[in-house]
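# Observations on the model geometry
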Amino acid sequence: MGKVISGICISVDGFVAGLHMTEDKPFGELPNIHQSLCKWLFGQADQNKNEIASLTSAGAFIMGRNMFGPTGAQYSTWQGWWGEEPPYHAPVFVLTHTARDSLSLQGGTTFYFVTDGILSALEQAKKLAGDKDVAIAGGAHTVNQYLKAGLIDELWLHIVPVIVGQGQRLFEEMPEINLEILEQRGTDLVTHIKYRILK
């Protein structure tokens, strides 16, 4: 059986998105936050190819409702930020309070909408992932829930040298967690650190 991992891009001060996410601004209203946090994904793809591959290599993914789409979007017809072929190519379980039929898109990505909590989503994801990892994709609130519950084995932080100041923050109201560094590397745009969470 695979591990439960979470790989997420964050600013130096711990934010993964700004305030007021909309359909046009998936990372919030702060200027250039999307470009700042994700520039390494596109501008240095060759230098970061191992990290980029690891972000999408899981057998199943879990994400929060706001990562799938912003509050106020036409939820019943919204298909996510990623177009007709999302990058996951695997089952994706979306934590939500509103039921919806599953959504299958090109490339093997199917979104399943889970209304009965993080444990149910993880159980379903593990069943479909088989021997592969389950990835807690985000956003910050979802990753924080799984961290607080002690359900993540490895945390992969992609730390970008920007200060955001406000928005959705990783480790908000987090209890003490002991981490062991497994790997670290970086470029001028990002520092990658993989941690094992000690239990």
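The numbering scheme is per chain: residues are counted from 1 as the chain's sequence reads. Local features in this predicted model are restricted to residues whose pLDDT is 70 or higher, and side-chain atom pairs enter the listing and the counts only when it is 80 or higher, whereas totals over whole chains, interfaces and linings include all residues. No hydrogens and no water enter the side-chain calculation; it runs on all heavy atoms of the structure.

The protein chain is annotated in an unreviewed UniProt entry as Bacterial bifunctional deaminase-reductase C-terminal domain-containing protein of Acinetobacter ursingii ANC 3649.

### Section: the overall build of the protein chain
From N to C terminus, the protein chain includes five helices and 11 strands. Classification of the 199 residues of the protein chain by burial places 46% in the buried group. Relative to all contacts within the protein chain whose residues are 6 or more apart in sequence, the contacts with residues 24 or more apart total 65%. Values of accessible area rely on a 1.4 Å probe in the Shrake-Rupley scheme; residue burial ignores everything except the protein chains shown. When the accessible area of the protein chain is evaluated, it comes to approximately 10,100 Å², of which 49% is carbon and sulfur surface. Only DSSP runs of H or I covering at least 4 residues are called helices, and only runs of E covering at least 2 are called strands; the numbering of each starts at the N terminus. Relative accessibility thresholds used throughout: buried, under 20% of the residue-type maximum; exposed, over 50%; partly exposed, between the two (1.4 Å probe, protein chains only). Contacts are residue-level and defined by heavy atoms, with any inter-residue pair within 4.5 Å sufficient.

### Side note on the packing of aromatic side chains
Here a Phe, Tyr or Trp ring, Trp counted by its six-membered ring, pairs with any other such ring whose centre lies within 6.5 Å, and the pair is stacked when the planes are under 30 degrees apart, edge-to-face when over 60, and tilted otherwise. Counted by the stated rule, this structure contains four aromatic pairs. Measuring from ring centre to ring centre gives 5.2 Å for Phe68 and Phe113, while their planes differ by 80 degrees; the resulting arrangement is edge-to-face. Taken together, the residues span a long stretch of sequence, with Phe68 in helix α3 (residues 65-68) and Phe113 in strand β6 (residues 110-114) at a distance of 45 residues. A relative accessible area of 0% places Phe68 in the buried class. Taking the relative accessible area as the measure of exposure, Phe113 reaches 11% and is therefore buried. Linked through ring pairs, Phe68, Phe111 and Phe113 together constitute an aromatic cluster. To sit over a ring, a charge needs its Lys NZ or Arg CZ within 6 Å of the ring centre and within 35 degrees of the ring normal. Of note, Lys194 hangs over the ring of Trp156, and the distance from its end group to the ring centre comes to 4.0 Å.

### Digging into the pairing of strand β3 (residues 60-64)
Across the five residues that make up β3, a large majority, five, are buried. Side chains of β3 alternate between two faces, with Ala60, Ile62 and Gly64 and Phe61 and Met63 buried alike. Being paired, for any two strands, means DSSP has found at least two bridges between them. Two elements, β3 and strand β4 (residues 91-95), share four bridges in a ladder whose sense is parallel. Looking across to β4, one finds that Met63 is bridged to Val94.

### Looking at empty space enclosed by the protein
A pocket, in this scheme, is an open set of points on a 1 Å grid over the protein atoms alone with protein on both sides within 12 Å along at least 5 of 7 lines, while a cavity is a set where a 1.4 Å probe fits but cannot get out; residues line either one if an atom lies within 4 Å of a point. Grid points are joined across faces, edges and corners, and a volume is the space filled by probe spheres set on the points. As enumerated under the stated definition, the model contains one cavity of 30 Å³ or more in all. By volume, the largest cavity amounts to about 30 Å³. What lines the largest cavity is Met1, Gly2, Lys3, Val4, Lys126, Ala129, Gly130, Lys132 and Val134. Residues are grouped as follows: Ala, Val, Leu, Ile, Met, Phe, Trp, Tyr, Cys and Pro are nonpolar; Asp, Glu, Lys and Arg are charged; every other residue, Gly included, is polar. By residue class, the composition of the lining of the largest cavity is four nonpolar, two polar and three charged.

### Focus on helix α4 (residues 118-129)
Its 12 residues place the ends of α4 16 Å apart at the C-alpha level, agreeing with the 16 Å of an ideal helix rising 1.5 Å per residue. Turning to α4, its buried residues are Ile118, Ser120, Ala121, Leu122, Ala125 and Ala129. Tucked into the core, α4 has its buried residues touching β1 (4-11), β3, β4, β6, β7 (134-138) and α5 (140-148). Directly beyond the C-terminal end of α4, a positive phi value near 65 degrees is found at Gly130. What a helix should span is 1.5 Å times the count of its residues minus one.

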